[in-house]
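Take a look at the letters that make up each chain.
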Amino acid sequence: MKIPLAWHNLVNGKVRTAAATAGVAFAVVLIFLQLGFLGATEQTASLVYDAMDFDLLLRSRNSRRLAESQPFPRSRMDLVTSVPGVREVHPFYIGFQRWRIPTTGFGRRILTMGIGIGDAVFADKELQRKTHLLTAPDYALIDRLSRKDFGPANKKAFGDDDVGTEAEVGYCRVRIVGHYALGASFASDGSLVLSDEGFLRLFQRWPPDTVSLGLVKIEPGLDPEVVAQRVRQYLLPDMEVFTKAAIIAKERNMWLWEMSIGMIFLMGVAVALVVGVAIVYQILSSDVASHLPEYATLKAMGYRNGYLRKVVLQEAILVSLLGFVPGLIIAEGLYWLTHYFTNIPIAMTLPRLLAVLGMSVVMCGISGMAALLRLQRADPADLF
């Protein structure tokens, strides 16, 4: 029967094994957190687009991201209505406004959206159904997944208890007439939906006869990209046209690769891997050094370097598995706490779990290969 030498080395060196396991767990937690935030960044980047119902999107070429869409003349939308294949075009307003928290009086930015009364602009059925409640300029729908810092009646989340209450937004009073579920993001902690008149009431300096976006619906069965090419021929160079899939991909790419927040999380993953490699290398290197006489004895007995390398790499893989389990448990707890306190959609996924497990094994494998350099010093002649 073969003796699991790698396992016995770990069991006999309990302190070193515990330290290596803790180091791997620490690195695993860091990687899970960074990847979790990165995934949440990608998911929340397109929350509003996902909730809207359109085939093509019109916007100013000066726009960069959704929440900072630059106004363009409403007449541009009128040109598009005559394009073959276009069924209807709806205006959409978006911007940030100041929400005064009722209980404290402090202000917070809130994402504010405006729509035309009767326009079917939301794919989310609950939200679209409730837009009929926006019958007055001072009526508003609030996202019940907005962070509790905005001051809901129950101090937890907006709901039926808040219907009928008033709040101050942009130095104007608004009355909450309903709520919907959209979610917070790294760009905004909460959101409101008003009628177009209600939006312009809050944004009194809004350029006249302009809109933020144009939401285009095409005739059923047509290819959105083909219609988009037609629309571009009718518009001036100061305008852009995107299919829904293209604008979602562009928004996510910008948040992940063009803005600092995505790069920070990616750098966090790299730092966690380096930390993990350094910790595990120190532990395995120390273990090899303390067992050099034993390894020299095995060489004298006829065991080749390949066998000894295999033992060290087995130790590295075992350490990666031992550290991964507690790291996974801790990361799950931190995911839950983050979602509970911020409403950011961060949750464990199977692809992420498998990816981090693979990173953990590779990380420890690299440490084991580095520690093998010390194994070459196990000379049988040192026994005599």
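Up top you'll find the structure we're talking about.
What comes next concerns the included structure.

### Observations regarding the overall build of the protein chain
Alright, step 1. Along its length, the protein chain carries twelve helices and eleven strands.
Alright, step 2. By the burial criterion, 49% of the 384 residues in the protein chain qualify as buried.
Alright, step 3. Considering only residue pairs separated by 6 or more positions, the protein chain has 78% of its internal contacts joining residues 24 or more positions apart.
Alright, step 4. Counting every atom, the protein chain has about 18400 Å² of accessible surface; 61% of that belongs to carbon and sulfur.

### Thoughts on the packing of aromatic side chains
Alright, step 1. Applying the stated criterion across every chain, the model contains 14 aromatic pairs.
Alright, step 2. Judged by centre distance (6.0 Å) and plane angle (80°), the ring pair of Trp99 and Phe150 falls under edge-to-face. With Trp99 in strand β3 (residues 86-100) and Phe150 in the loop between β5 (139-143) and β6 (166-169), the pair connects residues that are 51 residues apart, well separated along the chain.
Alright, step 3. On the accessibility criterion, Trp99 (1% relative accessible area) is buried.
Alright, step 4. Using a relative accessible area of 0% as the deciding quantity, one classes Phe150 as buried.
Alright, step 5. Each ring, one from Trp99 and one from Phe158, has its centre 6.1 Å from the other, and the planes form 85°; the classification is edge-to-face. Placement of the pair is Trp99 in strand β3 and Phe158 in the loop between β5 and β6, with a sequence separation of 59 residues. In terms of burial, Trp99 and Phe158 fall into one category: buried.
Alright, step 6. When the ring centre of Phe150 is taken as reference, the NZ or CZ atom of Arg108 above it lies at 5.5 Å.

### What about the nonpolar core?
Alright, step 1. Counting residues in hydrophobic clusters, the biggest one holds 36 residues, and the most contacted among them are Leu58, Trp99 and Val231.
Alright, step 2. Tallying contributions element by element places β3 first for this core, with four residues.
Alright, step 3. Leu47, Met113, Phe242 and Ile247 belong to the second-largest nonpolar core, a separate cluster that totals 29 residues.

### What about the pairing of β3?
Alright, step 1. Within β3, eleven of the 15 residues are buried, which leaves the element mostly enclosed by the surrounding structure.
Alright, step 2. Bridge count between β3 and strand β10 (residues 213-218): six bridges; the pairing is antiparallel. The residue bridging Phe92 from the neighbouring strand is Leu213, located in β10.
Alright, step 3. In this sheet, strand β4 (residues 107-115) lies alongside β3 in antiparallel orientation, the contact comprising nine bridges. The residue bridging Gly95 from the neighbouring strand is Thr112, located in β4.
Alright, step 4. Note: β3 against β6, two bridges, orientation antiparallel. Each bridged residue has a counterpart across the sheet, and for Arg100 the counterpart in β6 is Glu168.

Conventions we followed
- The residue numbering used here restarts from 1 in each chain and proceeds along that chain's sequence as written.
- Local features in this predicted model are restricted to residues whose pLDDT is 70 or higher, and side-chain atom pairs enter the listing and the counts only when it is 80 or higher, whereas totals over whole chains, interfaces and linings include all residues.
- For the side-chain quantities, the full set of heavy atoms in the structure was used; hydrogens and water were omitted.
- Secondary structure follows DSSP: runs of H or I at least 4 residues long count as helices, runs of E at least 2 residues long count as strands, and numbering of each begins at the N terminus.
- For every residue, the accessible area obtained with a 1.4 Å probe (protein chains only) is divided by the maximum for its type, and the residue is called buried under 20%, exposed over 50%, and partly exposed between those limits.
- Should any heavy atoms of two residues lie within 4.5 Å, those residues are counted as being in contact.
- In this description, accessible areas are obtained by the Shrake-Rupley approach with a 1.4 Å probe, and a residue is regarded as covered only by the protein chains that are shown.
- Here a pair means two rings of Phe, Tyr or Trp (six-membered ring of Trp) with centres within 6.5 Å. Their orientation is stacked below 30 degrees between planes, edge-to-face above 60, and tilted elsewhere.
- The criterion is that NZ of a Lys, or CZ of an Arg, lies within 6 Å of the ring centre and within 35 degrees of the ring normal, and then a charge sits over that ring.
- Throughout this description, the term nonpolar core refers to a set of buried Ala, Val, Leu, Ile, Met, Phe, Trp, Tyr and Cys residues connected via side-chain atoms within 4.5 Å.
- Each pair of strands is called paired provided DSSP finds at least two bridges between the two strands.

That is the geometry; function is a separate question.
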